[in-house]
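Understanding the architecture of this molecule
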Amino acid sequence: MTWLYSLPFVLLPLFAVGFVAGAAFLGVLGFRRGLFRRQGLLWAYFLLVGLVGGASQLLGPIEAVKVPWVGDQGPTRNLFSPETPWYLFSYDPIRRGEWRPDGFVRFYRREGLLGISSDLYYSVQQGTILTQSLYFRSDGDITLQLSFWTKRGRQIVPTRVVNVGGGLKRAYATYQISPGDEVVQGPDIVQIKGDWTYVDIGYAQLEPGSFPSAYQSGGLPDPTRTERFVWWFGTALLGLLVFYGASYLLTHVDRSRAALMITLGLVIHLGVGVWQHFSNEPRVAGLTANPNIFGASGVVLASLVWLLGGWRLALIALVAMTGTVWFSGSRAAFLGGACLGLAWLGGLPRAWKLAAATLVVLAIDLGLFLGGQERLGRFMTITDLNAVSTQSRLQIWQVAWQAFKEHPLTGIGANRFGLYYLEHRPPDALEPAAPHAHNLFLNLLAETGLLGMSAFLILWGAIVWTLIRLRAWKGLIFLGIAFLLNLFDYTFFSAEVYYPLWVGIAWAILQAEGNQSALVTSTPLNQTDPDKLER
């Protein structure tokens, strides 16, 4: 029967949402049966996080991207990506535009200028009616035409211009996709005429339909206050239910079997990543949303196996984790994985430590021999303040701090940093778009303000105090690795990181409390070394 209870754990690396659904159901049952009494008032801290952090979302700002439009049609879907302005160039010859602080790109008039376009293209379906629009302003009289640049060439269509006030105008044109078009490259501006010195272009939109709607950044919806509250409160509630659901499961399952299932899922997930790597993807994402989450989830899951299954089974998980970190190219995951490796080495019997350290050195040499110098060089830039990637992080952190200073109590709203960055990035920004602040604490300050941050710190402060009080040192290391991953990235609330974290916290507390019902093993544990069995 314990094997049956252990099967859901294989879903943690492969389909975290599926595990969460089952664990949350068990959490509801456990809560109804009074399981929450075992951890005292811990449930109240979850509730505090949900309500106080949720209040910051209900009280936060609601302004959308600050570009005006006439008409009452709300924003629909923008096919242009947030990075579109970054790729605008004028021709001929080709020159990039000059960034402006308010999200526009400036182009100066010169001899030979034929038009303005972009390197980006988007797949389209035959028969679809699309409307392309953009905002522009100039220091003189200017006329222009919009073109739909497809595989059949430029399709120049009638362009309408609407004056929206403050010297700002919006141009738009509509086109029905014909056979052979297949893609649209753009935005594409041609036949620029008039008496002008410069023109600023920005906030381009490509959307289904025959009339432009209010601007929406591509791929970055602007959530309402209610949507933000639901996301924040729901995340806290699901964390609570998974915590209690995992506590229930771990009282009915052999912890080594649960760790074995997690390891099996992690190995399968690595296999998906390897397949993607040999499909010519330089950084792979596995079954996750992006490579950074792939790497971070590998570290958290391997840490969970180390916590549940002891050092022997953790060795297999560490090998799989090394693969996920390597193929993801995530520097934050590399740092977290290195710390887990040190913790694992520190817990080995003395006779094994030298052999394990030798294997680590040989593995690094093998990676370099197989052509991993470039990837290892990327990992090493995490300490190089002059590296481009490090400089871009510093720019993003400055924007996050600016967002917090503008709205110190409530922040700008959950999941809105990407929109804020598009409007407030510096003119010399190294990253055209940033969906988050690449730092857990700065992201929380920017999006939830002091209300959300204080509630978050109270909850996790209570967790840390509980682990210290129970002398659950491995649990503290596990938690520390999860936070370390999020000092230079923001993967904390990803399902593949957030929910395995709560499983680990649940086990650390159960084990430290000496809850023998959580240790369903056929052979009693060695009291001097919990990773060994009595003989």
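Predicted model only: the values in this text are computed from it and were never measured. (Residues numbered from 1 in each chain as written. Predicted model: local features only at pLDDT ≥ 70, side-chain atom pairs only at ≥ 80, totals over all residues. Heavy atoms only, no water.)

A closer look at a nonpolar patch on the surface
Defined as follows: Surface patches are drawn from residues lacking salt bridges whose relative accessible area is over 30%; two like charges belong together within 9 Å, two nonpolar side chains (Val, Leu, Ile, Met, Phe, Trp, Tyr) within 5 Å. Each accessible area value is a Shrake-Rupley result obtained with a 1.4 Å probe; residue values ignore everything except the protein chains displayed when judging cover. Any Lys or Arg side-chain nitrogen located within 4 Å of an Asp or Glu carboxyl oxygen qualifies as a salt bridge. Here a helix means four or more residues in a row that DSSP labels H or I, a strand means two or more in a row labelled E, and each is numbered from the N terminus. Throughout this description, buried means an accessible area under 20% of the type-specific maximum (1.4 Å probe, protein chains only), exposed means over 50%, and partly exposed covers the range between.
A cluster of nonpolar side chains, namely Leu41, Tyr45, Leu48 and Ile458, defines an oily patch on the protein surface of about 340 Å² accessible area. By the secondary structure assignment, tyrosine 45 is in helix α4 (residues 42–59). Among the residues examined, tyrosine 45 registers a relative accessible area of 32% and is labelled partly exposed.

Section: the sheet that holds strand β7 (residues 129–138)
Spelled out, the test is: Being paired, for any two strands, means DSSP has found at least two bridges between them.
Ordered by their spatial adjacency, six strands build an open sheet running β3-β4-β13-β7-β11-β10, and the pairing between neighbours is antiparallel. The open sheet is flanked by β3 (98–99) and β10 (160–165), the only strands paired with a single partner. Pairing of β7 with strand β13 (residues 198–208), which is carried by eight bridges, proceeds in the antiparallel orientation. When the sheet's bridge partners are listed, leucine 130 is paired in β13 with proline 208.

A closer look at the packing of helix α7 (residues 291–328) against helix α15 (residues 495–512)
For any two helices packed against each other, the geometry is given by the interaxial angle and the distance between the axes. For clarity, the cut-off: Only the contacting stretch of a helix is used when fitting its axis, a line to C-alpha atoms as for every element, and angles between N-to-C directions run 0 to 180 degrees. The scheme is simple: roughly parallel for angles under 35 degrees, roughly antiparallel for over 145, roughly perpendicular for 65 to 115, oblique for anything else. Put simply, a crossing is left-handed when the front helix is turned counterclockwise from the back one by less than a right angle, and right-handed when it is turned clockwise. What makes two residues a contact is simply this: any of their non-hydrogen atoms within 4.5 Å. Classification convention: Asp, Glu, Lys, Arg as charged; Ala, Val, Leu, Ile, Met, Phe, Trp, Tyr, Cys, Pro as nonpolar; all other residues, Gly among them, as polar.
Taken N-terminus to C-terminus, the directions of α7 and α15 make an angle of 15°; their axes are 9 Å apart at the nearest point. When the axis of α7 is compared with that of α15, the two are roughly parallel. As for how α7 packs across α15, the hand of that crossing is left-handed. Contacts between α7 and α15 involve Ile293, Ala296, Ser297, Val300, Leu301, Leu304, Leu307 and Leu308 from the first element and Glu496, Val497, Pro500, Leu501, Val503, Gly504, Trp507 and Ala508 from the second. Residue composition of the contact of α7 with α15, by class: 13 nonpolar, two polar and one charged.

A look at unusual backbone geometry
As a rule of thumb, non-glycine residues mostly have phi less than zero, and peptide bonds are mostly trans rather than cis. Between glycine 186 and the following residue, proline 187, the backbone shows a cis peptide bond with an omega angle of 5°. With phi around 60°, histidine 438 is a residue other than glycine that occupies positive phi space. Among the structural elements, histidine 438 can be located in the loop between α12 (417–424) and α13 (440–469). For arginine 471, which is not glycine, the phi dihedral falls at a positive 60°. Turning to its location among the elements, arginine 471 is positioned in the loop between α13 and α14 (473–485).

Section: the layout of surface pockets
The line we're drawing: As defined here, a cavity is a set of points on a 1 Å grid over the protein atoms alone where a 1.4 Å probe fits but cannot get out. A pocket is an open set with protein on both sides within 12 Å along at least five of seven lines, and residues line them when an atom is within 4 Å of a point. Grid points are joined across faces, edges and corners, and a volume is the space filled by probe spheres set on the points.
In this structure, the second largest pocket encloses a volume near 960 Å³. In terms of lining residues, the second largest pocket is bounded by 40 residues, among which Asn290, Ala434, Pro435, His436 and Tyr490 are the most central. For the lining of the second largest pocket, the secondary-structure elements that each account for two or more residues are α5 (225–250), α7, α11 (388–406), α12 and α13.

Looking at the confidence of the model for the protein
Our working rule: For every residue, the predictor assigns a confidence score, pLDDT, that lies between 0 and 100.
The pLDDT averaged across the protein works out to 84; a share of 83% of its residues lies at or above 70. With pLDDT under 50 throughout, residues 515–535 is counted as low confidence; its partners more than four residues away or in other chains account for 39 contacts.

Focus: the pattern of salt bridges
The full count for this structure, using the stated rule, is six salt bridges. The partner of arginine 106 in a salt bridge is aspartate 200, and the shortest N-O contact between them spans 2.8 Å. Remark: aspartate 200 occurs in strand β13 and arginine 106 occurs in strand β4 (residues 105–108); sequence separation between them is 94 residues. Like aspartate 200, arginine 106 is buried. Judged by its relative accessible area of 0%, aspartate 200 falls in the buried class. Salt bridges linked by common partners bring Arg106, Arg137 and Asp200 together as one network.

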